[in-house]
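# Inside the fold
Listed here are the chains, written in short residue letters.
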2 protein chains.
Amino acid sequence: MWTFHRGGRRFETGRAHPSSGRYARGVDDGIASTPEPPYTAVIFTSLRTEGDRDYAATAAAMERLAAREPGFLGLESAREGLGITVSYWRDEAAATAWKGVVEHLAAQDRGRREWYRDYAVRIATVHRAYTLSTSTFGDAGPR
Amino acid sequence: MWTFHRGGRRFETGRAHPSSGRYARGVDDGIASTPEPPYTAVIFTSLRTEGDRDYAATAAAMERLAAREPGFLGLESAREGLGITVSYWRDEAAATAWKGVVEHLAAQDRGRREWYRDYAVRIATVHRAYTLSTSTFGDAGPR
């Protein structure tokens, strides 16, 4: 797997981090501020096992680590039974490099053995994006 | 926007729906069972306004409606402050057709005006995917 959830941490509000494009822990629990496409999205969907088993702490550490990797653009995460984490990268090479970071490899190993009863990873190229403010009201067609 | 969240509904466990590839309400609150890539992913990330305002009921209705659309492959959704819904489609034409369905247009309009204080929609092409069972243990390289 590539990314981790915030585990038991719960936040009821969120806001986009500053338009610097730099992911900052504690600032970004909201919608990632990503540049114009194209860029890479890694969609990580998972179902947890019971119990924490160091999961929450490791997930937070992995998020901090990912945010320092070259080509990292942002991360969005939510769990409601099903967990979904989407991390955004400059390109697939950047996402792949993060997958191979040694601390991340150790966490991936524990994930497979202990934390997840199932997961799916999908690597995708984002080629179009818009937001509430850039959406055209009433536009039913492709953008 | 393209897709909707389950709102206040909470589920602590989930399971993949049968390998029929057909999304079925009440069966699928887990990881979507998607075919081999390539296919289209619509990543909808949102922050809600306060209060329900028919949101939960409309979201559930829109999910049922989406599941009957041609080219629909599956849907994954979670909200934890931030909401993330990823819907999967055979191709971008199928995703775009869903965006233009009349009932969905009405819901999108209410979403912009009432339900969301911010959202982002990202349209992506999934070109690689794996799961816990198809992941190669210890594989640090690209797959």
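The preceding data block contains the structure.
Residues numbered from 1 in each chain as written. Chains lettered and ligands numbered in written order. Predicted model: local features only at pLDDT ≥ 70, side-chain atom pairs only at ≥ 80, totals over all residues. Heavy atoms only, no water.

## Re the overall build of chain A
Across its full length, chain A carries 3 helices and 4 strands. Along chain A, helices and strands appear, N-terminal first, in the series β-α-β-β-α-α-β. In chain A, which comprises 143 residues, the proportion classed as buried is 56%. Considering only contacts within chain A whose residues lie at least 6 apart along the sequence, 74% involve residues at least 24 apart. Element-wise, carbon and sulfur atoms account for 54% of the exposed surface of chain A, whose accessible area totals about 5,500 Å². (Helix = DSSP H or I, 4+ residues; strand = E, 2+ residues; numbered from the N terminus. Buried < 20%, exposed > 50% of the residue type's maximum accessible area, 1.4 Å probe, protein only. Contact = heavy atoms within 4.5 Å. Areas by Shrake-Rupley, 256 points an atom, 1.4 Å probe, with all protein chains shown as cover.)

## A closer look at the pairing of strand 1 (residues 39-48) of chain A
Residue and element names in this part refer to chain A. In terms of burial, strand 1 is a largely internal element, 10 of the 10 residues being buried. Alignment of strand 1 against strand 4 (residues 116-131), held across 10 bridges, turns out to be antiparallel. Note that in strand 4 the partner of S46 across the bridge is Y119. Sheet analysis places strand 1 next to strand 3 (residues 82-89), joined by 8 bridges and oriented antiparallel. (Pairing = 2+ DSSP bridges.)

## Focus on the pattern of salt bridges
Pairing is possible between side chains that carry opposite charge, provided their charged atoms lie close to one another. Within the structure shown, the criterion is met by 12 salt bridges over all chains. Across the pair A:R128 and B:E92 runs a salt bridge whose closest N-O atoms are separated by 2.5 Å. Remark: B:E92 occurs in helix 2 (residues 92-99) and A:R128 occurs in strand 4; the pair is interchain, linking two chains. Where B:R113 meets B:D109, a salt bridge forms, and the shortest distance between an N and an O atom there is 3.3 Å. (Salt bridge = Lys/Arg side-chain N within 4 Å of Asp/Glu carboxyl O.)

## Thoughts on the nonpolar core
Counting residues in hydrophobic clusters, the biggest one holds 30 residues, and the most contacted among them are A:V86, A:Y88, B:V86 and B:Y88. Among the elements of the structure, strand 1, strand 2 (72-80), strand 3 and strand 4 of chain A together with strand 1 (39-48), strand 2 (72-80), strand 3 (82-89) and strand 4 (116-131) of chain B are those that each provide at least two residues to this core. In contact with B:V86, other than residues within four places in its own chain, are A:I43, A:I84, B:A41, B:V42, B:I43, B:G74, B:L75 and B:E76. Ranked by size, the runner-up nonpolar core spans 23 residues in total, among them A:Y130, B:V42, B:A66 and B:W115. (Core = buried A, V, L, I, M, F, W, Y, C linked by side-chain atoms within 4.5 Å.)

## Looking at the sheet that holds strand 4 of chain B
Taken in spatial order, the 8 strands make up an open sheet running 2(A)-3(A)-1(A)-4(A)-4(B)-1(B)-3(B)-2(B), and their pairing is antiparallel. In this open sheet, the two edge strands, each paired with only one partner strand, are strand 2 of chain A together with strand 2 of chain B. Here the average twist between neighbouring strands, direction ignored, is 25°. Contacts from helix 1 (residues 55-67) of chain A reach strand 1, strand 2, strand 3 and strand 4 of chain A within the one sheet, and its direction differs from that of strand 2 of chain A by about 160°. Here helix 1 (residues 55-67) of chain B sits on the sheet and contacts strand 1, strand 2, strand 3 and strand 4 of chain B; the angle it forms with strand 2 of chain B, its principal contact strand, is near 160°. (Axes fitted to C-alpha atoms, helices over the stretch in contact; angles between N-to-C directions.)

## Focus: the packing of aromatic side chains
This model, assessed by the stated rule, comprises 16 aromatic pairs over all chains. Each ring, one from A:Y55 and one from A:W115, has its centre 5.6 Å from the other, and the planes form 75°; the classification is edge-to-face. Residue A:Y55 is found in helix 1, and its partner A:W115 is found in helix 3 (residues 102-115); the two are separated by 60 residues along the sequence. Its relative accessible area of 0% is what places A:W115 among the buried residues. Between A:Y116 and A:Y119, the aromatic rings sit 5.9 Å apart at their centres with planes inclined by 80°, giving edge-to-face as the arrangement. Using a relative accessible area of 3% as the deciding quantity, one classes A:Y116 as buried. A network of ring pairs unites the aromatic residues A:F44, A:Y55, A:W115, A:Y116 and A:Y119 as a single cluster. Directly above the ring of B:Y88 sits A:R122, whose terminal nitrogen or CZ lies 4.2 Å from the centroid. The cationic tip of B:R48 hangs over the ring face of B:Y55; the distance from NZ or CZ to the ring centre is 3.9 Å. (Phe/Tyr/Trp six-rings, centres within 6.5 Å; stacked < 30°, edge-to-face > 60°. Lys NZ or Arg CZ within 6 Å of the ring centre and 35° of its normal.)

## Section: the side chain of B:R79
With respect to the helices and strands, the residue B:R79 is situated in strand 2. Lacking a salt bridge, the buried B:R79 has A:E80 as its closest oppositely charged neighbour, with an N-O distance of 6.3 Å. Of note is the side chain of B:R79, whose polar atom sits 2.8 Å from the side chain of B:S46. (Lys, Arg positive; Asp, Glu negative; His and termini not counted. Polar contact = N/O pair within 3.5 Å; in protein donor to acceptor, adjacent residues only side chain to side chain.)

## Concerning the environment of A:E63
You can see A:E63 is positioned in helix 1. A sequence separation of 12 residues divides A:E63 from A:L75, and the C-alpha atoms of the two residues are 8.2 Å apart.

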